[in-house]
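# Structural description and commentary
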Amino acid sequence: MDELRLLDGTRIPIEAGASLGHIEHIAASEATALVVCEKITPENLTHVEFLVNGEPAGIYDNLIIIDAPSRTTLEDDSVLVEFGLRELTELEIHVGVHDEEILELQEAIAEEE
């Protein structure tokens, strides 16, 4: 069985043959599908592992969503959840680091006022 393991330890079973840009999960119900969608957060995408038979097959840091999770109800009332991810570029990582530094500086200035 293939799985996606997120930063918080959540394991999401995924369909075989998934790629970073196209991941599919079959949920038993709409409620389960919503839980999966809620787990696909920027924080949880800072470290992601693709697992095949429980063993890491791909390890990624700093992923972002390129296709937001979508849900499609199937004939058997299960729900197909599809989404796509990609790695941040070095520039995006660098800019993100500076954004955090700017926010910290703004907060420090605000505290002094």
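Everything numeric in this text was worked out from a predicted model, so none of it was measured. (Residues numbered from 1 in each chain as written. Predicted model: local features only at pLDDT ≥ 70, side-chain atom pairs only at ≥ 80, totals over all residues. Heavy atoms only, no water.)

## Some remarks on the packing of aromatic side chains
Across all of its chains, the model carries 1 aromatic pair by this definition. Arranged with centres 5.8 Å apart and planes meeting at 80°, the rings of phenylalanine 50 and tyrosine 60 form a pair that is edge-to-face. Within this pair, whereas phenylalanine 50 is found in strand 4 (residues 47–52), its partner tyrosine 60 is found in strand 5 (residues 55–61), the two being separated by 10 residues in sequence. Relative accessible area serves as the criterion here: at 10%, phenylalanine 50 is assigned to the buried category. The exposure class assigned to tyrosine 60 is partly exposed, which follows from its relative accessible area of 23%. (Phe/Tyr/Trp six-rings, centres within 6.5 Å; stacked < 30°, edge-to-face > 60°. Helix = DSSP H or I, 4+ residues; strand = E, 2+ residues; numbered from the N terminus. Buried < 20%, exposed > 50% of the residue type's maximum accessible area, 1.4 Å probe, protein only.)

## Considering the pairing of strand 6 (residues 63–73)
In the sheet, strand 6 pairs with strand 7 (residues 79–87) via 8 bridges, with the strands oriented antiparallel. Following the sheet pairing, leucine 63 is matched in strand 7 by glutamate 87. From the end of strand 6 to the start of strand 7, which pair antiparallel, there are 5 residues, and aspartate 77 there has a positive phi angle of about 70°. (Pairing = 2+ DSSP bridges.)

## Overview of the pairing of strand 3 (residues 23–27)
Across the two faces of strand 3 the burial differs, with Ile23, His25 and Ala27 buried and Glu24 and Ile26 not buried at all. Here 5 bridges tie strand 3 to strand 7, and the two strands are oriented antiparallel to one another. For isoleucine 23, the partnering residue across the bridge sits in strand 7 and is phenylalanine 83.

## A closer look at the pattern of salt bridges
Under the counting rule described, the total for this entry stands at 4 salt bridges. As a salt-bridge pair, arginine 5 and glutamate 49 come within 2.3 Å of each other at their nearest N and O atoms. Here glutamate 49 lies in strand 4 and arginine 5 lies in strand 1 (residues 2–5), a separation of 44 residues in the sequence. Take arginine 5: its relative accessible area is 23%, and that puts it in the partly exposed class. The class of glutamate 49 is buried, set by a relative accessible area of 12%. We note a salt bridge from glutamate 30 to arginine 71, for which the minimum N-O separation is 2.5 Å. (Salt bridge = Lys/Arg side-chain N within 4 Å of Asp/Glu carboxyl O.)

Any link to function would need more than the numbers given here.
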